[in-house]
Amino acid sequence: MTTQFQLDDLQLTLTRYPANANANLQAWDAADEHLLKVIAAEPAAGSALIINDSFGALVCGLRQRQPMIQIHWVADAKTSHLGAQENLQVNRLSGDAINWLTDEALTDVAAELTLLKLPKNLNYFAEQLKALSQSLPAGSRILIGAKAKHINQALLALIAEHFGPASASLTWKKTRVITAIADGKARPLAPPVRWQTDEQLTLIGMANVFAATKLDIGARFMLQHLPQGEFKQVVDLGCGNGVLGLTAAQRYPNASVHFVDDAYQAVSSASLASLANSLATERLHFHWDDCLTNLPADVAADLVLCNPPFHQGEAITDHIAWQMFVDAKKRLQQGGMLQVVGNRHLGYHIKLKRLFGNCETVAGNSKFVILRATK
Ligand SMILES: C[S@@+](CC[C@H](N)C(=O)[O-])C[C@H]1O[C@@H](n2cnc3c(N)ncnc32)[C@H](O)[C@@H]1O
């Protein structure tokens, strides 16, 4: 897959994050190119707000054209932040005057130019629009890049409902750019969804969280097979809504529990849920991180629980699961265990056996297996 981005005046080297793990996947798509093409035809702006820029194609493109532009850059994934920052460096583009932000900032950040990549999750998109309706004055424009097949009347109506009237450009490379104009009415944000599991655990799902409003079936299966023991340091790796770690905190009352996720909203949701279940003690810790890269050095886990993702954005990939297993092995103490739930067909047992030299099948049903590897 190419890493050489070339579009009219722009020439960049762009990789996904981490760069070496998924060399067969491209770091940008034609909707990024389309947005950069559209703004090239406009007068230069003094400031820009960039939202959902997966690995920094937009920030790098804009920066290459306008080295002095002030940029507010908003993304939920830590790996997007790390990828964009690495791509700026690789292309010798300055990171000065760039505010690296998460969605929390959307209600009060504004710029002359706003670019947004349409996310797959339309509830999340609607929340982003509502937040922008509070910060962007009447008449402000957002340019929204998306695949043409995702643009229809329902999407334009959703934009009109949450932000203001919208119209789509002609198709170029199977993508279109929607122009949405703020109508000046500030929409209140919806509070995150609050719901309960069968075991009466309260969970909280912000819009961009995996299984935001219902229990994942893999997680349900994992909960039925949590190991017994006196665990002291537990990690919920890829915590999502936090259901595995919160249950571990109840089940192992002497354990410190570390919740880790790439999605800022996942870590925030798990943290809010710990309060809602009166579990917020000093033994719970929340980390917005790419796998266990920045887990504090003094954490030596005796149990890592993991329901790994099998995609990154829209791309199906097992590199994150592999990195999670590698990181878990590094951070487990001798004798500690990694317990994984996964779809049967993903073949995680092969990876675990290769890495740990052992892998036990704890349980299985027609769809999932629960695997345990010991360091
Ligand atoms: C299948 S979901 C599991 C969520 C939750 N543990 C559950 O069982 O419902 C996988 C989680 O991994 C997170 N994730 C993806 N890439 C990650 C990475 N590089 N580092 C940490 N977490 C990641 C996703 O955001 C998602 O919340």
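Residues numbered from 1 in each chain as written. Predicted model: local features only at pLDDT ≥ 70, side-chain atom pairs only at ≥ 80, totals over all residues. Heavy atoms only, no water.

**Q** Just checking my understanding: could you explain the packing of helix α1 (residues 30–40) against helix α2 (residues 57–65) for this structure?
**A** A pair of packed helices is captured by two measures, namely the crossing angle of their axes and the spacing between those axes. The geometry of α1 relative to α2 is characterised by a closest axis approach of 10 Å and an angle of 30 degrees between their N-to-C directions. Considered as vectors, α1 and α2 are oriented roughly parallel to each other. Where α1 crosses over α2, the handedness of that crossing is right-handed. For the pair α1 and α2, contact is made by Asp-32, Leu-35, Leu-36, Ile-39 and Ala-40 and by Ala-57, Leu-58, Gly-61, Leu-62 and Arg-65, respectively. Partitioned by chemical class, the residues of the contact of α1 with α2 number 7 nonpolar, 1 polar and 2 charged. (Axes fitted to C-alpha atoms, helices over the stretch in contact; angles between N-to-C directions. Helix = DSSP H or I, 4+ residues; strand = E, 2+ residues; numbered from the N terminus. Parallel < 35°, antiparallel > 145°, perpendicular 65-115°, else oblique. Left-handed = near helix turned anticlockwise from the far one by under 90°. Contact = heavy atoms within 4.5 Å. Nonpolar A, V, L, I, M, F, W, Y, C, P; charged D, E, K, R; others polar.)

**Q** I'm lost on the pattern of salt bridges in this one. Help?
**A** Note on pairing: side chains with opposite charge can pair once their charged atoms come close. Under the counting rule described, the total for this entry stands at 11 salt bridges. For Asp-198, the salt bridge is made with Arg-220, and the minimal N-O distance between the two is 3.2 Å. Taken together, the residues span a long stretch of sequence, with Asp-198 in the loop between β10 (193–196) and β11 (202–205) and Arg-220 in helix α6 (residues 217–223) at a distance of 22 residues. Asp-198 gets classed as exposed once you look at its relative accessible area, which sits at 58%. The class for Arg-220 is partly exposed, based on a relative accessible area of 34%. Three or more residues are tied together by salt bridges with common partners; here these are Asp-29, Asp-32 and Lys-117. (Salt bridge = Lys/Arg side-chain N within 4 Å of Asp/Glu carboxyl O. Buried < 20%, exposed > 50% of the residue type's maximum accessible area, 1.4 Å probe, protein only.)

**Q** Just checking my understanding: could you explain helix α10 (residues 348–356) for this structure?
**A** It helps to recall that an α-helix has 3.6 residues per turn; residues three or four apart then point in one direction. By the burial criterion, the buried members of α10 are Tyr-348, Lys-351, Leu-352, Leu-355 and Phe-356. Viewed along the axis of α10, the buried residues span an arc of 105 degrees, placing them on a single side of the element. In α10, those exposed residues whose orientation departs by more than 90 degrees from the buried face are Ile-350 and Arg-354. Packing partners of the buried residues in α10 comprise α9 (319–331), β18 (332–343) and β20 (368–374). (Arc of directions from axis to C-beta.)

**Q** Is there a simple way to explain the site of the ligand in this structure?
**A** With respect to spatial proximity, 17 residues lie near the ligand, and among them Gly-238, Asp-261, Asp-290, Cys-291 and Asn-307 are the closest. Cys-239 places a polar main-chain atom, nitrogen or oxygen, 3.4 Å from a nitrogen atom of the ligand. Backbone polar atom of Asp-289 to a nitrogen atom of the ligand: 3.5 Å apart, as the coordinates give it. Classifying every residue of the shell around the ligand gives 9 nonpolar, 3 polar and 5 charged. (Near = heavy atom within 4 Å. Polar contact = N/O pair within 3.5 Å; in protein donor to acceptor, adjacent residues only side chain to side chain.)

**Q** Any chance you could explain the domain arrangement of the protein here in plain terms?
**A** Note on interface size: it is often stated as the accessible area lost on association of the parts. Looking at the protein, the domain boundaries give domain 1 (4–181) and domain 2 (193–374). When each unit is reduced to the centre of its C-alpha atoms, the spacing between domain 1 and domain 2 is 31 Å. Sorting the residues of domain 1 by area buried against domain 2 places Asp-76, Lys-78 and Lys-120 first, and these three jointly supply 33% of that buried surface. Summed over the shared surface of domain 1 and domain 2, the number is 0 salt bridges. (Domains from an automatic or database assignment. Buried area = accessible area lost by both parts, 1.4 Å probe.)

**Q** Hey, could you run me through α9 in this one?
**A** Taking 1.5 Å of rise per residue, 13 residues should cover 18 Å, and α9 covers 18 Å from first to last C-alpha, within 8% of that figure. Among the residues of α9, those classed as buried are His-319, Ile-320, Ala-321, Gln-323, Met-324, Phe-325, Asp-327, Ala-328 and Arg-331. Its buried side turned inward, α9 meets β12 (233–237), β15 (301–306), β16 (311–312), β18 and α10. (Expected span 1.5 Å × (residues − 1).)

**Q** How do you make sense of the layout of surface pockets when you look at a structure like this?
**A** The rolling of a water-molecule-sized probe over the atoms marks out the regions of remaining empty space. What the second largest pocket holds in volume is close to 150 Å³. Every residue lining the second largest pocket is listed: Ile-39, Ala-40, Glu-42, Pro-43, Ala-44, Ala-45, Leu-62, Arg-65, Gln-66, Glu-112, Leu-113 and Arg-141. Sorting the residues of the lining of the second largest pocket by element identifies α1 and α2 as the ones contributing at least two each. When its residues are assigned to classes, the lining of the second largest pocket shows 7 nonpolar, 1 polar and 4 charged. (1 Å grid on protein atoms, 1.4 Å probe; cavity = no way out; pocket = protein on both sides within 12 Å on 5 of 7 lines; lining within 4 Å. Points joined across faces, edges and corners; volume = space filled by probe spheres on them.)

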